[in-house]
Amino acid sequence: MKIIHTIKELREWRKTAGRVAFVPTMGNLHEGHLALVREARKRADHVVVSIFVNRLQFGQGEDFDKYPRTLQQDADKLKNEGVAVVFAPDEKELYPNVEQRYNVEPPHLQNELCGKFRPGHFRGVATVVCKLFNIVEPDAACFGKKDYQQLAIIKGLVEDLNINVEIVPVDTGRASDGLALSSRNQYLNEQERAEAPRLYRELCTIAEAVRNGNLAYAELENAAIQHLTDAGWSVDYVEVRHAGSLEVAHAGDKNLVVLAAARLGSTRLIDNIEMHL
């Protein structure tokens, strides 16, 4: 396995690499990331994993400086998974100008759901993913469904900018108690970790109700928000949306997703469940 730090070296390697599948990450890898890598291995001759903590997608006061950087441990895990290349550029390599002058601006969806609470986040995501696609030139790229809004924005990015890459959604990895795997779970203390699966349980309750014919989405959302608030959470949103467009759901929609984001202590957790009626 190669660890490559420069765009020039990565592009030289890419010239003779054949079919490549790509997994972009910010590092601090867990089992959810490795599931993406395993899916990528099924789809190509070689797998490239990028590790880059992208400043552009962090808002003011967010955890950019304390986000865990664990390159050596990550590389060891990826070597065991048969990854061909770890692309680990520094900021100067990926952002050669002091300020990124050209950004990829997603549509109105970037200001809804998580975007409402993290202004500029999805602009940063779309910009770095576009840059990485230009550098790696993958045939396929794997993204987890846990970041459902991010996945929708990247699908739109690829379609609108005619980027020749297949986007492969991968189901959310979960702990045995249902908590969605996330690098930020390590910020939870013991008591918070025991409480954290409540978010998934509330989404399961909504999903079951909808599948059983309850289309009173606002009532279901408000009940979940109240249950979480009563248990000490600070809720950003719980919403039922159309699974394809992420537009507000209407009666008669057959493909739905319920999404949520909430803080437990200082840790912001997100999750979702798809519902096919």
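Residues numbered from 1 in each chain as written. Predicted model: local features only at pLDDT ≥ 70, side-chain atom pairs only at ≥ 80, totals over all residues. Heavy atoms only, no water.

Focus: the sheet that holds strand 7 (residues 234-242)
Pairing in this open sheet of 3 strands is antiparallel, and the strands run 7-8-9 from one edge to the other. The two strands at the open ends of the sheet, each matched to only one other strand, are strand 7 and strand 9 (267-276). Each strand axis lies, on average, 10 degrees off the axis of its neighbour in the sheet, ignoring direction. Note: strand 7 against strand 8 (residues 255-264), 8 bridges, orientation antiparallel. The residue bridging His242 from the neighbouring strand is Leu256, located in strand 8. Packed onto the sheet, helix 9 (residues 198-211) meets strand 7, strand 8 and strand 9 and runs at close to 20 degrees relative to strand 9. Against the sheet, helix 10 (residues 217-230) touches strand 7 and strand 8, its axis set at about 155 degrees to strand 7. (Pairing = 2+ DSSP bridges. Helix = DSSP H or I, 4+ residues; strand = E, 2+ residues; numbered from the N terminus. Axes fitted to C-alpha atoms, helices over the stretch in contact; angles between N-to-C directions. Contact = heavy atoms within 4.5 Å.)

A word on the pattern of salt bridges
Taken as a whole and judged by the stated rule, the model has 21 salt bridges. Residue Glu166 is joined to Arg19 by a salt bridge in which the shortest nitrogen-to-oxygen separation is 3.8 Å. Within this pair, whereas Glu166 is found in strand 6 (residues 166-170), its partner Arg19 is found in the loop between helix 1 (7-14) and strand 2 (20-25), the two being separated by 147 residues in sequence. Glu166 sits in the partly exposed class, given a relative accessible area of 36%. For Arg19, a relative accessible area of 34% gives the class partly exposed. (Salt bridge = Lys/Arg side-chain N within 4 Å of Asp/Glu carboxyl O. Buried < 20%, exposed > 50% of the residue type's maximum accessible area, 1.4 Å probe, protein only.)

Quick word on helix 9
The first and last C-alpha atoms of helix 9 sit 20 Å apart over 14 residues, in line with the 20 Å expected at 1.5 Å per residue. When helix 9 is considered as a whole, its buried residues turn out to be Leu199, Glu202, Leu203, Ile206, Ala207, Ala209 and Val210. One side of helix 9 carries all its buried residues, which in axial view fall inside an arc of 165 degrees. In this structure, the buried side of helix 9 is in contact with helix 10, strand 7, strand 8 and strand 9. Once helix 9 ends, the next one or two residues include Gly213, with phi positive near 100 degrees. (Expected span 1.5 Å × (residues − 1). Arc of directions from axis to C-beta.)

Notes on the layout of surface pockets
Estimated volume of the second largest pocket: approximately 440 Å³. If you trace the second largest pocket, you find 24 residues lining it, with Ala152, Ile153, Lys155, Gly156 and Leu157 closest to the centre. Per-element tally for the lining of the second largest pocket: the top contributor is helix 7 (residues 148-160), with 9 residues. Taken together, the residues that form the lining of the second largest pocket break down as 13 nonpolar, 4 polar and 7 charged. (1 Å grid on protein atoms, 1.4 Å probe; cavity = no way out; pocket = protein on both sides within 12 Å on 5 of 7 lines; lining within 4 Å. Points joined across faces, edges and corners; volume = space filled by probe spheres on them. Nonpolar A, V, L, I, M, F, W, Y, C, P; charged D, E, K, R; others polar.)

Brief notes about unusual backbone geometry
Negative phi characterises most residues that are not glycine, and trans characterises most peptide bonds. Look at Glu137: it is not a glycine, yet its phi comes out positive at around 50 degrees. Relative to the elements of secondary structure, Glu137 occurs in the loop between helix 6 (121-136) and strand 5 (140-144).

Quick notes on helix 6
Across its 16 residues, helix 6 extends 22 Å between first and last C-alpha, which sits within 8% of the 22 Å expected from 1.5 Å per residue. Counting buried positions along helix 6 yields 14 of 16 residues, so the element is predominantly enclosed. Once helix 6 ends, the next one or two residues include Glu137, with phi positive near 50 degrees.

Digging into the sheet that holds strand 4 (residues 85-87)
Pairing is parallel across the open sheet formed by 6 strands, whose spatial order is 1-4-3-2-5-6. What marks the edges here is a single partner per strand, and that holds for strand 1 (2-4) and strand 6. Direction aside, the axes of adjacent strands within the sheet are offset by 25 degrees on average. Of the strand pairs in this sheet, strand 1 and strand 4 are connected by 3 bridges, and their pairing is parallel. Within the sheet, the bridge partner assigned to Ile4 lies in strand 4 and is Phe87. Relative to the sheet, helix 6 contacts strand 2, strand 3 (46-51), strand 4, strand 5 and strand 6, its axis offset from that of strand 2 by approximately 150 degrees. Docked against the sheet, helix 7 engages strand 5 and strand 6, running at close to 170 degrees with respect to strand 6.

Examining the packing of helix 1 against helix 6
Relative orientation of the contacting elements helix 1 and helix 6 amounts to 50 degrees, with a least axis distance of 9 Å. Judged on the interaxial angle alone, helix 6 and helix 1 are oblique. Taking contact as the criterion, the partners of Ile7, Leu10, Arg11 and Arg14 in helix 1 are, on helix 6, Asn134, Ile135 and Val136. (Parallel < 35°, antiparallel > 145°, perpendicular 65-115°, else oblique.)

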